[in-house]
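Okay, here's what each chain looks like letter by letter:
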Amino acid sequence: DQQVKQNSPSLSVQEGRISILNCDYTNSMFDYFLWYKKYPAEGPTFLISISSIKDKNEDGRFTVFLNKSAKHLSLHIVPSQPGDSAVYFCAASEIGGYQKVTFGTGTKLQVIP
Amino acid sequence: DTAVSQTPKYLVTQMGNDKSIKCEQNLGHDTMYWYKQDSKKFLKIMFSYNNKELIINETVPNRFSPKSPDKAHLNLHINSLELGDSAVYFCASSPLAGVTYNEQFFGPGTRLTVL
């Protein structure tokens, strides 16, 4: 039972344009959401997060939007750069879950120069 | 000055063997984790230790046994390796969870191949 879903396995975007990566979840107990970025042969690195009490969090070129009623979050990257090419994992943590994080299967982003 | 390191990076072994993967973090974190990323790229938590105490133990075969000699180290020992154990194993660490969630820092991964 996959509680965090990233339905797009891959995405290609032109440099300078916006990249939008989507994520859906099913567990209503999730209260904290994160995005991790992963380059080949490396471990995931934390990118940005959002608490369930917010609907938007921004950090430079990266913005995460949360729609609790739809159980949906998205990551916007503006403007996209070739160095952003990586696999992006959506993740969620449950209330009282002692930092047990459930990951999605990832979306591979390719930014074309 | 690697934050979270794992050894070995690659491990190729025969079915039935016993192997260990070591993990060390120099971030001063209290909590460490083991994740498994299978062939479908699904990253799933296996274990979590907080200050050498097991706090998360997902449904993992008994052949997998984590050991934390101190809070900077969390090793994973696997007995009687099976073909299905082939995966990339990631170690991670985070500061102690309080009321605020803390991001996790991942190691580079260990690619285990069971032949």
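The notes below deal with the structure included here. The model shown is predicted, which means the values in this text are computed figures rather than measured ones.

## Some thoughts on the overall build of chain B
Helix and strand counts for chain B stand at zero helices and eleven strands. Counting from the amino terminus, helix and strand elements in chain B follow one another as β-β-β-β-β-β-β-β-β-β-β. Computed over the C-alpha atoms, the radius of gyration of chain B is 14 Å, within 12% of the 13 Å expected from 2.2 N^0.38 for a compact globule of 115 residues. Referenced to the eigenvectors of the C-alpha coordinate spread, the extents of chain B come out at roughly 45 × 30 × 30 Å. The buried share of chain B, taken over its 115 residues, is 45%. Excluding contacts between residues fewer than 6 apart, the proportion of contacts in chain B whose partners are at least 24 apart in sequence is 55%.

## Describing the state of the cysteines
Taken as a whole and assessed by the stated rule, the structure comprises two disulfides over all chains. Disulfide pairing places Cys23(A) opposite Cys90(A) at an S-S distance of 2.0 Å. What sets the handedness of the Cys23(A) and Cys90(A) disulfide is the S-S torsion sign, and at about -75 degrees it is left-handed. Taken together, the residues span a long stretch of sequence, with Cys23(A) in strand β3 (residues 19-25) and Cys90(A) in strand β9 (residues 86-94) at a distance of 67 residues. Its relative accessible area of 0% is what places Cys23(A) among the buried residues. A disulfide bridge connects Cys23(B) with Cys91(B), and the sulfur atoms are separated by 1.8 Å. Between Cys23(B) and Cys91(B) the disulfide shows an S-S torsion of about -75 degrees. By sign, it is left-handed. Here the residue Cys23(B) occupies a position in strand β3 (residues 19-25), and Cys91(B) occupies one in strand β9 (residues 87-94), the gap between them amounting to 68 residues. Cys91(B) gets classed as buried once you look at its relative accessible area, which sits at 0%.

## Some thoughts on the pairing of strand β4 (residues 31-37) of chain B
Every regular strand shows the same layout, with side chains that alternate between the two sheet faces. Residue and element names in this part refer to chain B. Counting buried residues along β4, six of its seven residues qualify, which places the element largely inside the surrounding structure. Both β4 and strand β5 (residues 43-50) contribute to a ladder of seven bridges, which runs antiparallel. Each bridged residue has a counterpart across the sheet, and for Met 32 the counterpart in β5 is Tyr 49. Count of turn residues in the β4/β5 antiparallel hairpin: five residues, of which Lys 41 carries a positive phi of about 70 degrees. Pairing of β4 with β9 involves seven bridges; the strand directions are antiparallel. The residue of β9 that forms the bridge with Tyr 35 is Phe 90.

## Here's the deal with the sheet that holds β3(A)
All names here are of chain A. Reading across from one edge, β1-β3-β8-β7-β6 is the order of the five strands in this open sheet, with antiparallel pairing throughout. Two strands bound the open sheet, and with one partner strand each, they are β1 (4-5) and β6 (56-59). Here β1 runs beside β3; their pairing, made up of two bridges, is antiparallel. Bridge pairing links Val 4 to Tyr 25 in β3.

## Overview of the interface of chain A and chain B
Of the residues lining the interface, 19 residues belong to chain A; the matching set on chain B comes to 25 residues. Taking both sides of the interface into account, the surface hidden between chain A and chain B amounts to around 1,900 Å²; carbon and sulfur atoms contribute 63%. Remark: the boundary between chain A and chain B carries one salt bridge. In this structure, Lys100(A) engages Glu58(B) in a salt bridge whose closest nitrogen and oxygen atoms are separated by 3.1 Å. At the boundary of chain A and chain B, one finds four residue pairs in polar contact (both at pLDDT 80 or more). Listing elements by their share of the side of chain A that touches chain B, those giving two or more residues are β4 (30-38), β9 and β10 (101-103) of chain A. For the side of chain A that touches chain B, the element with the most residues is β4(A), which contributes four residues.

## Section: the pattern of salt bridges
Overall, the coordinates contain six salt bridges over all chains when judged by the stated rule. Ionic pairing is found between Asp84(A) and Arg61(A), a salt bridge with its closest N-O pair at 2.8 Å. Of this pair, Asp84(A) sits in the loop between β8 (72-77) and β9 while Arg61(A) sits in the loop between β6 and β7 (62-67), and the two are 23 residues apart along the sequence. What makes Asp84(A) buried here is its relative accessible area of 2%. Its relative accessible area of 22% is what places Arg61(A) among the partly exposed residues. A salt bridge links Arg63(B) to Glu82(B), with the shortest nitrogen-to-oxygen separation between them at 3.4 Å. Here Glu82(B) lies in the loop between β8 (73-78) and β9 and Arg63(B) lies in the loop between β6 (53-57) and β7 (64-70), a separation of 19 residues in the sequence.

Criteria and thresholds
Residues numbered from 1 in each chain as written. Chains lettered and ligands numbered in written order. Predicted model: local features only at pLDDT ≥ 70, side-chain atom pairs only at ≥ 80, totals over all residues. Heavy atoms only, no water. Helix = DSSP H or I, 4+ residues; strand = E, 2+ residues; numbered from the N terminus. Rg over C-alpha atoms; globule rule 2.2 N^0.38 Å. Buried < 20%, exposed > 50% of the residue type's maximum accessible area, 1.4 Å probe, protein only. Contact = heavy atoms within 4.5 Å. Disulfide = S-S within 2.5 Å. Pairing = 2+ DSSP bridges. Buried area = accessible area lost by both parts, 1.4 Å probe. Salt bridge = Lys/Arg side-chain N within 4 Å of Asp/Glu carboxyl O. Polar contact = N/O pair within 3.5 Å; in protein donor to acceptor, adjacent residues only side chain to side chain.

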